[in-house]
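# Structural features, examined
Residues per chain, in single letters:
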Number of protein chains: 8
Amino acid sequence: MTWTVHLSGEIHTDWRQRIEDGARAAGLDVAFTAPVTDHSASDDCGAAILGEPGDQFFRDQLGAGVNAVRTRTQMDRADIVVVRFGEQYKQWNAAFDAGAASARGKPLITLHPAEHDHALKEVDRAALAVCREPEQVVAVLRYAVAGQLDRAGV
Amino acid sequence: MTWTVHLSGEIHTDWRQRIEDGARAAGLDVAFTAPVTDHSASDDCGAAILGEPGDQFFRDQLGAGVNAVRTRTQMDRADIVVVRFGEQYKQWNAAFDAGAASARGKPLITLHPAEHDHALKEVDRAALAVCREPEQVVAVLRYAVAGQLDRAGV
Amino acid sequence: MTWTVHLSGEIHTDWRQRIEDGARAAGLDVAFTAPVTDHSASDDCGAAILGEPGDQFFRDQLGAGVNAVRTRTQMDRADIVVVRFGEQYKQWNAAFDAGAASARGKPLITLHPAEHDHALKEVDRAALAVCREPEQVVAVLRYAVAGQLDRAGV
Amino acid sequence: MTWTVHLSGEIHTDWRQRIEDGARAAGLDVAFTAPVTDHSASDDCGAAILGEPGDQFFRDQLGAGVNAVRTRTQMDRADIVVVRFGEQYKQWNAAFDAGAASARGKPLITLHPAEHDHALKEVDRAALAVCREPEQVVAVLRYAVAGQLDRAGV
Amino acid sequence: MTWTVHLSGEIHTDWRQRIEDGARAAGLDVAFTAPVTDHSASDDCGAAILGEPGDQFFRDQLGAGVNAVRTRTQMDRADIVVVRFGEQYKQWNAAFDAGAASARGKPLITLHPAEHDHALKEVDRAALAVCREPEQVVAVLRYAVAGQLDRAGV
Amino acid sequence: MTWTVHLSGEIHTDWRQRIEDGARAAGLDVAFTAPVTDHSASDDCGAAILGEPGDQFFRDQLGAGVNAVRTRTQMDRADIVVVRFGEQYKQWNAAFDAGAASARGKPLITLHPAEHDHALKEVDRAALAVCREPEQVVAVLRYAVAGQLDRAGV
Amino acid sequence: MTWTVHLSGEIHTDWRQRIEDGARAAGLDVAFTAPVTDHSASDDCGAAILGEPGDQFFRDQLGAGVNAVRTRTQMDRADIVVVRFGEQYKQWNAAFDAGAASARGKPLITLHPAEHDHALKEVDRAALAVCREPEQVVAVLRYAVAGQLDRAGV
Amino acid sequence: MTWTVHLSGEIHTDWRQRIEDGARAAGLDVAFTAPVTDHSASDDCGAAILGEPGDQFFRDQLGAGVNAVRTRTQMDRADIVVVRFGEQYKQWNAAFDAGAASARGKPLITLHPAEHDHALKEVDRAALAVCREPEQVVAVLRYAVAGQLDRAGV
């Protein structure tokens, strides 16, 4: 049984890579999905494919639509959704994804530094685990997928 | 037919009052719901009712749970969900509510200044209307509820 | 028990009025809902409330969003959905509403002249009754709501 | 992960072939489904299998039922639904499919010439991307499935 | 809190009347719904309203559609569904309703003589109570609605 | 893409075999499921596994439960549900399955002789095709699965 | 807006009365529902209404079915579900109700002494608030329903 | 077709092994899932991965969350859910899982000694089979999956 895990949220650090590396090292049968993490591609995809609308608001709307073709399908197929909030930016799309995952009954894991705890309290309340480091996410996945707990390993 | 409209998000300005006043002035058959907008009550409700946990993270989690008893029920009953993003703060709970509303098929209206357009592009893409001012929300409600369009009135 | 019936589709003839008059004459406990049937209001509502976008495509999209705030809520609440296809125009929104109603398990009644039978065969297949005249819709509602069949009356 | 994409709508031009060719050329892991595109088979299938009913309305209804056995199952399994509106015909079944896809939360892409923009505004409002050419659909799929954006390629 | 109870199935005996009388005598806050129980009206309603199709199969299909406008709405609104199987006839529509009620999670009560136990074993397995007499249905409703158990009363 | 087709209903004739043979001959990618068709096993399975309850009503209930473990799972997985009504017996479980399939939005095909048309009118109204012979079911499946219509073949 | 709150679980102490009294004293617009709390009526209802089956296992099953007619409907209608675990007994039906409420997305509040914390950890994890005393439940309801927090009052 | 069967509940005896051995011996195409059955790992997983919270209640909550990442996904994917209640402990999580499985329409099998019949009557009422021994569960699975009934074998 392959587990599908969607990695949503912040796109400026290597947290996805660290989770994927950790899962591979642990030999977990997990398939990861993610939004397009090339920031400019993510911003430009709508206008590049559908044409420049000549207005920034609608340019963003075109792009958000094209990105959603990818991410909604990924979310639909995910067994587990991990949402990462980084140190910077508003990251409202991350919180939006967390809300959507929660409303659809998907097991949710959040990943963020403690400084965001208060601002994220509603999001964390809907999560089954609140992690600080990608390696903790790997440990949760290892426990969930393979039933293994490494007490010294995190 | 009474329409139930949930007003989620920012709690530091008078936008809810302006929408409610506008709806009343227009004679709309609308019942509004909202989270508790007293910031300290919203932060303290969990610990005050269930006991101080002696840890800030869990204190926030207790509070978020008690607030969710209110807001989840309100969201369930809402015909329309309006989510406001103000100039300050992270407001991740607002984006979380927007994601939940969208996933449950609730008609969504967002309300925020243009400076947030880029950061909110995914949230706005899921909305049926993106407003700048509370009076525009009133106009959308007036059109939706009463079928009236005041071309000069906004 | 009040029955809520949504009257979707063509907005250029008096079919809604005839159904509402017939239901009233029959003393049926029915509440009717409908989109805004003022064609220019329906076209302009987005731009009038949210601002002129300076582009026809996006102007239409703004308007369609604002109209959907009304019609999606009405559809959600409807016990029965009636969709009318008139002699003219593409009326794709009518077929779209029929598809949405069908997918959501709402009892569907179509109303259109026989000349559209072939083009509407998929839509009619999803309907529980295919009517030619508004008075037939009234007769179906009378039977459904009040349990009365006037054999000579249609 | 194979993505399943249902291609609904117009059956008189080669748009499906162009999308399938483009997806193959791009090496995308996509399985396409479609209604039976042989117009006369689609019209006759009910009567040919179940018997001639001796009435055109019921002949159409028999055929629409048999076609629906195919298309409803395809729609159920689709990750993404593409709906094409051509230059001619009423194409109400296309709009019906778009409505059903939207009500079931399937990511929707429309494909049609600009001349239909106004008539399709409600349908387009429910779509995540509005394309003019099949190659744009391929580009959206390439971005969604493979995460690749060819800025010069469309 | 009014409870809505749909009384489906056999239409040739007075079982509905006995249940309604019993509920009234017990002062229960229950609203009952039922299909049209005039057998010939139920058979003729399609053809009478929509026109004679000149074929018995399609005549039955027209009638079944019109009846379903009534019964599907009633079923949607029902808190509890009671299905009665009498001594005669196939009564497949009763079993069909029981299957639909069960699939939608509606509490189901069956009412039939013991001679049908073996043939109805799958239907009864999906029911929460299997009654022999209408007065037992009243007693179940009295217990469910009012919390009253008359140990000697049945 | 393998299509899963559940064959529910009558267990005394060879209709399942004829459909499976026909599908194999046509080279269709279909997996068929069915209830246990050994009548005495179907009657006895509950008591044989769980113990004799010493009462016929409860004996039937035990058996119906064990059978439902099989058939509910099969129904859940089915893309298409075929329900056969034979010449004899009450066959209420067949109609129950048809109701459940319909309520869950599964494409439904019925198979029965014309003599049952009137008694099955509500069930047939919920079906997408009403067949008289197993070979017609094969033809519908061939059209649905493979897109092939043999005009002379049925 | 009346809030409907279902009070499930332990039936041997006055916790329901204390919650109802507290809600009334606070002037909350709440309608409470509950299972039949007369233990012997709850045990006997099936046999008393449907007949003695002459076997304790089936006697319990008859009773559980009749009780479920009441409680499933109450649960369906509840905005909020409160589940109480007392000091004694297995109370598996309470945990069963909590699981059902959680799976259906109902806001859940648990009420139990701290000694049960470890055994109830999975149930509590699905709850939005874990209370020790009925007065805390009242305080949560007061906050949820009326938006009032009495910091000294609990 | 592989059947997925989730084995929930008691973790102190070898019942899972006996079911898995029996299914293998019978050659059934079944994949079994289960919670982590190492009691101390199950208790400690939250604190070990996410950090010691310094409070037993929250320690349990952390652990319950991490366990739920595993079990909710397993439950989502299960075709059939088996819940075992042993002789000891409260086992509220077992009843919670049974409630969740039932609310989601999963075929449910319970496994427990007769001494628990009365306390489990509501849970058993929601089950399709109540077994005393793991070998009976194997026999039910064999019947369901392979259609084989060994009348002498249990």
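About the criteria used
Sequence order as written defines residue numbering, which begins from 1 separately in each chain. Chain labels run from A onward and ligand labels from 1 onward, assigned in the order the entries are written. Local features in this predicted model are restricted to residues of pLDDT 70 or higher, and side-chain atom pairs are both shown and tallied only at a pLDDT of 80 or more, whereas totals for entire chains, interfaces and linings draw on every residue. With hydrogens and water excluded, all non-hydrogen atoms of the structure serve as input to the side-chain values. DSSP-based pairing: two strands are paired if at least 2 bridges between them are found. A run of H or I in DSSP counts as a helix once it spans at least four residues, and a run of E counts as a strand once it spans at least two, with each numbered from the N terminus. Lines fitted to the C-alpha atoms define the axes, with helices restricted to the stretch that makes contact. Angles between their N-to-C directions range from 0 to 180 degrees. Pairs of residues are marked as contacts when any of their non-hydrogen atoms sit within 4.5 Å. Think of a polar contact as two N or O atoms within 3.5 Å of one another; within protein, one of them needs to be a possible hydrogen donor and the other a possible acceptor, and neighboring residues in sequence only count if both atoms come from side chains. The term buried area refers to how much accessible surface (probe radius 1.4 Å) is lost by two components on association, counted for both of them together. Within this document, salt bridges are pairs made up of a side-chain nitrogen of Lys or Arg and a carboxyl oxygen of Asp or Glu, the two lying within 4 Å of each other. Charged residues are taken to be Asp, Glu, Lys and Arg, nonpolar residues to be Ala, Val, Leu, Ile, Met, Phe, Trp, Tyr, Cys and Pro, and polar residues to be all remaining types, Gly included. A residue counts toward the fit only if its pLDDT is at least 70 in both copies, and the copies are then superposed by least squares on the C-alpha atoms of those residues. Here a crossing is called left-handed whenever its near helix is offset anticlockwise from the far helix by less than a right angle, and right-handed whenever the offset is clockwise. Whether two aromatic rings pair depends on their centres lying within 6.5 Å, for rings of Phe, Tyr and Trp, where Trp uses its six-membered ring; planes under 30 degrees apart make the pair stacked, over 60 edge-to-face, and the rest tilted. Throughout this description, buried means an accessible area under 20% of the type-specific maximum (1.4 Å probe, protein chains only), exposed means over 50%, and partly exposed covers the range between. Each residue carries a pLDDT value, the predictor's own confidence for that position, ranging from 0 to 100. Directions from the helix axis toward the C-beta atoms define the arc.

## Observations regarding the sheet that holds strand 3 (residues 80–84) of chain E
All names here are of chain E. Taking strand neighbours across the sheet as the criterion, the five strands line up as 2-1-3-4-5 in an open arrangement whose pairing is parallel. Of all the strands in the sheet, the pair left with one neighbour each is strand 2 (30–33) and strand 5 (129–131). Each neighbouring strand pair of the sheet contributes to a mean axis angle of 20 degrees, computed without reference to strand direction. Here strand 1 (residues 3–9) pairs with strand 2 via four bridges, running parallel. Within strand 2, the position partnered with Trp 3 by the bridge is Val 30. With respect to the sheet, helix 1 (residues 15–25) is in contact with strand 1, strand 2, strand 3 and strand 4 (108–111), its orientation differing from that of strand 1 by roughly 160 degrees.

## Regarding the environment of Ile 11 of chain E
Residue and element names in this part refer to chain E. Mapping Ile 11 onto the fold places it in the loop between strand 1 and helix 1. Measuring from C-alpha to C-alpha, the distance between Ile 11 and Pro 35 comes to 8.8 Å, with 24 residues separating the pair along the chain. Not counting residues up to four positions away in its chain, the partners in contact with Ile 11 are Arg 16, Thr 37 and His 39.

## Describing the side chain of Thr 110 of chain A
Residues and elements named next belong to chain A. Examined against the element boundaries, Thr 110 turns out to sit in strand 4 (residues 108–111). Within the structure, Thr 110 has its side chain in polar contact with the side chain of Asp 124 (distance 2.9 Å). Sequence-distant contacts of Thr 110, defined by excluding residues within four places in its chain, comprise Val 83, Val 123, Asp 124, Ala 127, Ala 129, Val 130 and Cys 131.

## As for the interface of chain E and chain F
Listed by partner, the interface residues are 36 residues for chain E and 35 residues for chain F. Approximately 3100 Å² of surface area, both sides summed, lies buried where chain E meets chain F, with 65% of it carried by carbon and sulfur atoms. At the boundary of chain E with chain F, the tally comes to two salt bridges. We note a salt bridge from Asp 43 of chain E to Lys 121 of chain F, for which the minimum N-O separation is 3.4 Å. Joining chain E to chain F, the criterion identifies 14 residue pairs in polar contact (both at pLDDT 80 or more). Counting residues per element, the ones that place at least two in the side of chain E that touches chain F are helix 3 (56–77), helix 4 (92–103) and helix 5 (121–125) of chain E. The biggest single contributor to the side of chain E that touches chain F is helix 4 of chain E, with nine residues. For the side of chain E that touches chain F, the per-class residue count stands at 15 nonpolar, ten polar and eleven charged.

## Some thoughts on the relation of the copies chain B and chain G
When chain B is fitted to chain G, the best match, at an RMSD of 0.0 Å, comes from turning it 90 degrees and sliding it 0.0 Å along the axis. As the rotation angle and translation indicate, the two copies are arranged about a four-fold axis. In terms of proximity to the rotation axis, the leading residue of chain B is Arg 77 of chain B, whose C-alpha is 8.4 Å off the axis.

## Description of the interface of chain B and chain G
Quoted interface sizes are often the accessible area lost when the parts come together. If you look at the interface, chain B gives 19 residues, while chain G gives 25 residues. Both sides of the chain B and chain G interface together cover about 1900 Å² of buried area, and 64% of this is carbon and sulfur. When residues of chain B are sorted by the area they lose upon contact with chain G, Ile 49, Val 69 and Arg 77 of chain B head the list and together hold 34% of the total. Here Asp 79 of chain G ties to Arg 77 of chain B by a salt bridge, and the two come within 2.5 Å at their closest N and O atoms. Our count for the chain B to chain G interface comes out at six residue pairs in polar contact (both at pLDDT 80 or more). Of all the secondary-structure elements, those providing two or more residues to the side of chain B that touches chain G are helix 2 (39–50) and helix 3 (56–77) of chain B. At ten residues, the largest contribution of residues to the side of chain B that touches chain G is made by helix 3 of chain B. Looking at the side of chain B that touches chain G, its residues break down into nine nonpolar, six polar and four charged.

## Quick word on the sheet that holds strand 1 (residues 3–9) of chain A
Strand order in the open sheet formed by five strands is 2-1-3-4-5 (chain A), with parallel pairing between adjacent strands. The open sheet has two edge strands with one neighbour each: strand 2 (30–33) and strand 5 (129–131) of chain A. Taken over all neighbouring pairs, the strand axes of this sheet differ in orientation by 20 degrees on average, direction set aside. In this structure, strand 4 of chain A lies alongside strand 5 of chain A, joined through three bridges in parallel fashion. Along strand 5 of chain A, the bridge assignment pairs Leu 111 of chain A with Cys 131 of chain A. Lying over the sheet, helix 3 (residues 56–77) of chain H contacts strand 1, strand 3 (80–84), strand 4 and strand 5 of chain A, oriented at roughly 125 degrees with respect to strand 1 of chain A.

## A closer look at the packing of helix 1 (residues 15–25) of chain B against helix 6 (residues 134–146) of chain B
Residue and element names in this part refer to chain B. Remark: helix 1 packs on helix 6, axes separated minimally by 9 Å, with the N-to-C direction vectors making an angle of 35 degrees. The handedness of the crossing between helix 1 and helix 6 is right-handed. Between helix 1, through Trp 15, Arg 18, Ile 19, Gly 22 and Ala 23, and helix 6, the contact on the second element is made entirely by Pro 134, Glu 135, Val 137, Val 138 and Leu 141. Tallied by class, the residues present in the contact of helix 1 with helix 6 amount to seven nonpolar, one polar and two charged.

## So, the relation of the copies chain E and chain F
Each copy superposes on the other: chain E lies on chain F with an RMSD of 0.0 Å after a rotation of 180 degrees and an axial shift of 0.0 Å. Look at the turn and shift together and you get a two-fold axis relating the two.

## Quick notes on the packing of aromatic side chains
Across all of its chains, the model carries 20 aromatic pairs over all chains by this definition. With centroids separated by 5.0 Å and ring planes inclined at 55 degrees, the aromatic side chains of Trp 92 of chain A and Phe 85 of chain B adopt a geometry described as tilted. Here Trp 92 of chain A, found in helix 4 (residues 92–103), pairs with Phe 85 of chain B, found in the loop between strand 3 (80–84) and helix 4 (92–103), and the two come from separate chains. Assessed through its relative accessible area of 0%, Trp 92 of chain A is described here as buried. Centroid distance Phe 58 of chain F to Phe 58 of chain G: 4.1 Å. Interplanar angle 25 degrees. Geometry classified as stacked. Placement of Phe 58 of chain F in helix 3 (residues 56–77) and of Phe 58 of chain G in helix 3 (residues 56–77) is noted, with the two residues assigned to different chains. The pair Phe 58 of chain F / Phe 58 of chain G is uniform in exposure class, with both members buried. Put simply, the rings of Phe 57 and Phe 58 of chain A together with Phe 57 and Phe 58 of chain C pair up and form one aromatic cluster.

## Remarks on unusual backbone geometry
If you check the backbone angles, Gln 91 of chain B has positive phi at about 55 degrees while not being a glycine. Within the element layout of this structure, Gln 91 of chain B appears in the loop between strand 3 and helix 4. In this structure Gln 91 of chain B comes out as buried when scored by relative accessible area, which is 8%. At Tyr 89 of chain D, a residue that is not glycine, the phi angle is positive and equals roughly 65 degrees.

## Quick word on the environment of Tyr 143 of chain B
Among the structural elements, Tyr 143 of chain B can be located in helix 6. Beyond its immediate sequence surroundings of up to four residues, Tyr 143 of chain B is in contact with Gln 148 and Leu 149 of chain B together with Val 36, Ala 41, Ser 42, Cys 45, Ile 49, Val 66, Asn 67 and Arg 70 of chain C.

## A look at the pairing of strand 4 of chain A
Within a regular beta strand, the side chains point alternately toward one face of the sheet and then the other, so they alternate between its two faces. Residue and element names in this part refer to chain A. Residues Leu 108 and Thr 110 of strand 4 are buried on one face, and the alternating residues Ile 109 and Leu 111, pointing to the opposite face, are buried as well. Pairing between strand 3 and strand 4: four bridges, direction parallel. Across the sheet, Val 82 pairs through a bridge with Ile 109, a residue of strand 4.

## Digging into the arrangement of the chains
The two units chain C and chain G remain apart, with a minimum C-alpha distance of 17 Å. If you take every C-alpha in chain C and every C-alpha in chain H, the smallest gap between them is 19 Å, and the two do not touch.

## Looking at the confidence of the model for chain A
Per-residue confidence for chain A averages 96 on the pLDDT scale, and 98% of its residues sit at or above 70. Reported for the predicted complex are a pTM of 0.97 and an ipTM of 0.96.

## Focus: helix 1 of chain B
Residues and elements named next belong to chain B. Among the residues of helix 1, those classed as buried are Trp 15, Arg 16, Ile 19 and Ala 23. Each buried residue of helix 1 lies within a common arc of 105 degrees when the element is viewed along its axis, so the set occupies one face. Exposed positions of helix 1 whose direction lies more than 90 degrees from the buried face are Arg 24 and Ala 25. Residues of helix 1 that are buried sit in contact with strand 1 (3–9), strand 2 (30–33), strand 3, strand 4 (108–111) and helix 6. Within two residues after helix 1, Gly 27 carries a phi angle of roughly 70 degrees, on the positive side.

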